[in-house]
Amino acid sequence: MDEKFVDDRPQGALQDYPLWDYALAVYSQPAIQAQCLVLQDRYDLDVNMLLAAGYWACAERCWSATQVAELVAVSAELRESYVLPLRALRRKAEGPKRQDLYRALKNAELAAERLQIEALAQQLGGFSGNAKPKSQNRYLANLTMYAKHYKGSEQLKLAACLSELAVSLAAAT
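Residues numbered from 1 in each chain as written. Predicted model: local features only at pLDDT ≥ 70, side-chain atom pairs only at ≥ 80, totals over all residues. Heavy atoms only, no water.

**What to know about the packing of aromatic side chains**
Right, on to step 1. Counted by the stated rule, this structure contains 2 aromatic pairs.
Right, on to step 2. A centroid spacing of 5.7 Å and a plane angle of 65° characterise the contact between Tyr22 and Tyr55, whose relative ring orientation is edge-to-face. With Tyr22 in helix α1 (residues 18-27) and Tyr55 in helix α3 (residues 47-58), this residue pair connects regions lying 33 residues apart in the sequence.
Right, on to step 3. When the ring of Trp56 is compared with that of Phe127, the centres are 6.1 Å apart and the planes differ by 80°; the resulting orientation is edge-to-face. Of the two residues, Trp56 is situated in helix α3 and Phe127 in the loop between α5 (99-125) and β2 (130-131); the sequence distance between them amounts to 71 residues.
Right, on to step 4. Taking NZ or CZ as reference, Arg61 lies 4.8 Å from the ring centre of Trp56, over its face. (Phe/Tyr/Trp six-rings, centres within 6.5 Å; stacked < 30°, edge-to-face > 60°. Helix = DSSP H or I, 4+ residues; strand = E, 2+ residues; numbered from the N terminus. Lys NZ or Arg CZ within 6 Å of the ring centre and 35° of its normal.)

**Considering helix α4 (residues 65-92)**
Right, on to step 1. Helix geometry: α4 is bent most strongly at Arg79, by close to 50°.
Right, on to step 2. Among the residues of α4, those classed as buried are Gln67, Val68, Leu71, Val72, Ser75, Leu78, Arg79, Val83, Leu86, Arg87 and Arg90. (Bend = angle between axes of the 7 residues up to and from the residue. Buried < 20%, exposed > 50% of the residue type's maximum accessible area, 1.4 Å probe, protein only.)

**Details of the side chain of Ser168**
Right, on to step 1. Along the chain, Ser168 turns up in helix α7 (residues 159-172).
Right, on to step 2. Classification of Ser168 as buried rests on a relative accessible area of 16%.
Right, on to step 3. Leaving out residues up to four positions away in the same chain, Ser168 has contacts with Ala31, Ile32 and Gln35. (Contact = heavy atoms within 4.5 Å.)

**Considering the nonpolar core**
Soluble, globular proteins show a tendency: their nonpolar side chains are buried together.
Right, on to step 1. Counting residues in hydrophobic clusters, the biggest one holds 40 residues, and the most contacted among them are Leu39 and Trp63.
Right, on to step 2. Listed by contribution, the elements that provide at least two residues to this core are α1, α2 (30-43), α3, α4, α5, α6 (136-151) and α7.
Right, on to step 3. The contacts of Leu39, once residues within four sequence positions are left out, are Asp44, Leu45, Leu50, Leu158, Cys161, Leu162 and Leu165.
Right, on to step 4. One finds Val83, Tyr102, Leu105 and Ala112 within the second-largest nonpolar core, a separate group that totals 6 residues. (Core = buried A, V, L, I, M, F, W, Y, C linked by side-chain atoms within 4.5 Å.)

**Here's the deal with the packing of α1 against α3**
Right, on to step 1. Relative orientation of the contacting elements α1 and α3 amounts to 105°, with a least axis distance of 10 Å. What the angle tells us is that α1 and α3 run roughly perpendicular. Here α1 contributes Pro18, Leu19, Tyr22, Ala23, Val26 and Tyr27 to the contact with α3, which in turn contributes Val47, Leu51, Ala52, Gly54, Tyr55 and Cys58.
Right, on to step 2. Across the contact of α1 with α3, the residue classes tally to 11 nonpolar, 1 polar and no charged. (Axes fitted to C-alpha atoms, helices over the stretch in contact; angles between N-to-C directions. Parallel < 35°, antiparallel > 145°, perpendicular 65-115°, else oblique. Nonpolar A, V, L, I, M, F, W, Y, C, P; charged D, E, K, R; others polar.)

**Here we look at the pattern of salt bridges**
Right, on to step 1. Overall, the coordinates contain 8 salt bridges when judged by the stated rule.
Right, on to step 2. Residue Asp46 pairs with Arg79 through a salt bridge whose shortest N-O separation is 3.6 Å. Placement of Asp46 in the loop between α2 and α3 and of Arg79 in helix α4 is noted, with a sequence separation of 33 residues between them.
Right, on to step 3. With relative accessibility at 5%, the residue Arg79 sits in the buried group.
Right, on to step 4. For the salt bridge of Asp100 with Arg103, the shortest nitrogen-to-oxygen distance reads 3.0 Å. With Asp100 and Arg103 both in helix α5 and 3 residues apart, the pair spans about one turn of that helix. (Salt bridge = Lys/Arg side-chain N within 4 Å of Asp/Glu carboxyl O.)

None of this, on its own, says anything about what the molecule does.
The following block contains the structure:
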């Protein structure tokens, strides 16, 4: 995700998915957007998973390794089949002569990301969570659990970036 989320949903769409509203609210903050993009572009982490980690922490819950695996599995097909290819095409289309194509690809990428957020929200709806006291540690725990699942031992390289995002997400909510 490079661009800000746009809430152009039809009336009633995603109404049962407060994750979307959370994602719109926190991703609109420049520091959070920049931190998420570093994690996306440098480490290939999924911004929607990062935002879902923050959402779950905001609900005072921490993910288990099993829950992260289920979330990644639920969203992987959408991410691999639609989000990433559309992002690559959109980035190729950047330039003054292809503005219409760029805009169309950006809208298609955002639509695919909304579908991914919906899939994540549906999966989250079936989870129970380990309650933890309010703190940025909950945010960092969820972000680290995702990074550990996705990147294994490489997650140690991510520690500073994840910590920075955890502080920003905790401050935003």
